[in-house]
Amino acid sequence: MSIFLLSLILFFSFHCHARHDSNNYTSLFCFGNSYTDTGNYVVLATPTVPEIWINKLPYGETFFHYPTGRCSDGRLIVDFIAQRLGLPLVPPYLGQNESFLHGANFAVAGATTIETAFFVKNNLTTIKLLNSSLNFQLGWFDELKPSLCKSQKECKAYFSGSLFLFGEFGANDYTYILQGGRSLHDVLAYVPKVIKTISLAIEHVISKGAVNIAVSGQLPTGCVPLYLTIHASHHKHDYEEETGCLKKYNYLALYHNALLEESLKQLRCKYPLIKIIYADYYMPVLKLVKSSKHYGFTKSPLRVCCGKGGRYNWNLTEICGMPGVNACENPSTYVHWDGVHLTESAHRYIAAGWLKGRYADPPILGGNH
């Protein structure tokens, strides 16, 4: 099905509008992968992974001045959201001596949407995956919940002031399946399963008392330096003329996002009293790639700040954090940090668009566009 045809179907489908009321949030609970993880992967992987490059400088150099387990030079989108809401930075669930009164972060770098066992059972990847899927993260939330509230009435009152953020999900599922030797056509067949899993996860937190939920779409995958390097093509027509990004992988992200938006519309109809926000990752990143200098990103928008070699300053054998791989002098002039993740400055721009701008439907802080 083409994106054009899919868009027509979504446009003419029955539409339930999202609630737009403002909220005074008192806590923030996060699920996701490396775009949202604030330290869980480092704790989870340490027993089995000999070298964890994201736990070394220059990761964290910009804001924290030391590595925190975040996949960036500084703060992530979730950090900017927490600060704008007047909340502490959301601690990782596996962090030591943390208070979760104002929220917890369950995201894990490398996490899949679909259960890890599904990949193993169906021989979908050769990569050894950590058990950190979306449902696994929901299990952590369920484990934590009794320490936050006891009765249904108490939980309803507590979570009425909470924002539940589902960061980007799906990219790892698709990347692992492609790495396992499947074609893009094969990957597209798994998108509905990914979306269904996200939808069920949203319903799970609603059943526990969540009333404010933000759900992130996918970035333009074809603009990610890792994809541009590994899936490089000799054919000019495989690239978007305006951006230099790979067309077919951007199509994958657009297809995922279209199905996700339709799923969120259905959930709004089913739960009219719940505020369900679609947080757009695709358009703000595409905007930064197309007009990077306009927003202060003076370096080539597809080149990596922390990397080494190749057209995009990234290659698989010398990645950020490894000895001899250095970061650029000024990360704020780059969109991309390490070949997969974005810089703190890019995160700041996207977070502003989710909080009160045009990249969220409705914006997290309420009000119309």
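Keep in mind it's a predicted model, so treat the numbers as computed, not measured.

### As for the environment of Leu134
Item 1. For Leu134, the position within the fold is in helix H5 (residues 134–148).
Item 2. On a C-alpha basis, the gap between Leu134 and Phe169 in space is 8.2 Å, while along the polypeptide they are 35 residues apart.

### Things to note about the state of the cysteines
Item 1. This model, assessed by the stated rule, comprises four disulfides.
Item 2. Through a disulfide, Cys149 is tied to Cys155; the S-S separation comes to 2.1 Å. Handedness here is read from the sign of the S-S torsion; for Cys149 and Cys155, about 100°, the answer is right-handed.
Item 3. For Cys149, a relative accessible area of 2% corresponds to the buried category.
Item 4. Across a sulfur-sulfur distance of 2.1 Å, Cys305 and Cys328 are joined as a disulfide pair.

### Observations regarding helix H7 (residues 171–179)
What sets the pattern is the α-helix's 3.6 residues per turn: residues three or four places apart point alike.
Item 1. Among the nine residues in H7, seven count as buried, and that is most of the element.
Item 2. Listing the buried residues of H7 in full gives Ala171, Asn172, Asp173, Tyr174, Tyr176, Ile177 and Leu178.
Item 3. Elements that come into contact with the buried residues of H7 comprise helix H4 (116–121), helix H8 (184–188), helix H9 (191–207), helix H10 (225–230) and helix H11 (247–270).
Item 4. Positive backbone phi, approximately 100°, marks Gly181, located one or two places after H7.

### Regarding unusual backbone geometry
With glycine set apart, most residues show a phi of negative sign, and most peptide bonds adopt trans.
Item 1. With an omega of 15°, the peptide bond between Leu57 and Pro58 qualifies as cis.
Item 2. Tracing the chain through its elements places Pro58 in the loop between helix H2 (40–45) and helix H3 (77–84).
Item 3. Of the consecutive residues Asp361 and Pro362, the connecting peptide bond is found in the cis state with omega at -10°.
Item 4. Counting through the fold element by element, Pro362 comes out in the segment after strand S6 (360–361).
Item 5. Even without glycine at this site, Asn123 takes up a positive phi of about 50°.
Item 6. Relative to the elements of secondary structure, Asn123 occurs in the loop between H4 and H5.
Item 7. The class of Asn123 is exposed, set by a relative accessible area of 57%.
Item 8. Here the phi dihedral of Asn313 falls at roughly 60°; this positive angle occurs in a residue that is not glycine.

### Quick notes on the pairing of strand S3 (residues 162–166)
Item 1. Of all five residues making up S3, five are buried, and the element is well covered by its neighbours.
Item 2. Every second residue of S3 is oriented toward a common face, with Ser162, Phe164 and Phe166 on one face and Leu163 and Leu165 on the other, all of them buried.
Item 3. Bridge count between S3 and strand S4 (residues 212–216): three bridges; the pairing is parallel. Following the sheet pairing, Phe164 is matched in S4 by Ile213.

The rules behind these values
Residues numbered from 1 in each chain as written. Predicted model: local features only at pLDDT ≥ 70, side-chain atom pairs only at ≥ 80, totals over all residues. Heavy atoms only, no water. Helix = DSSP H or I, 4+ residues; strand = E, 2+ residues; numbered from the N terminus. Disulfide = S-S within 2.5 Å. Buried < 20%, exposed > 50% of the residue type's maximum accessible area, 1.4 Å probe, protein only. Contact = heavy atoms within 4.5 Å. Pairing = 2+ DSSP bridges.

That's the geometry; what it means functionally is another story.
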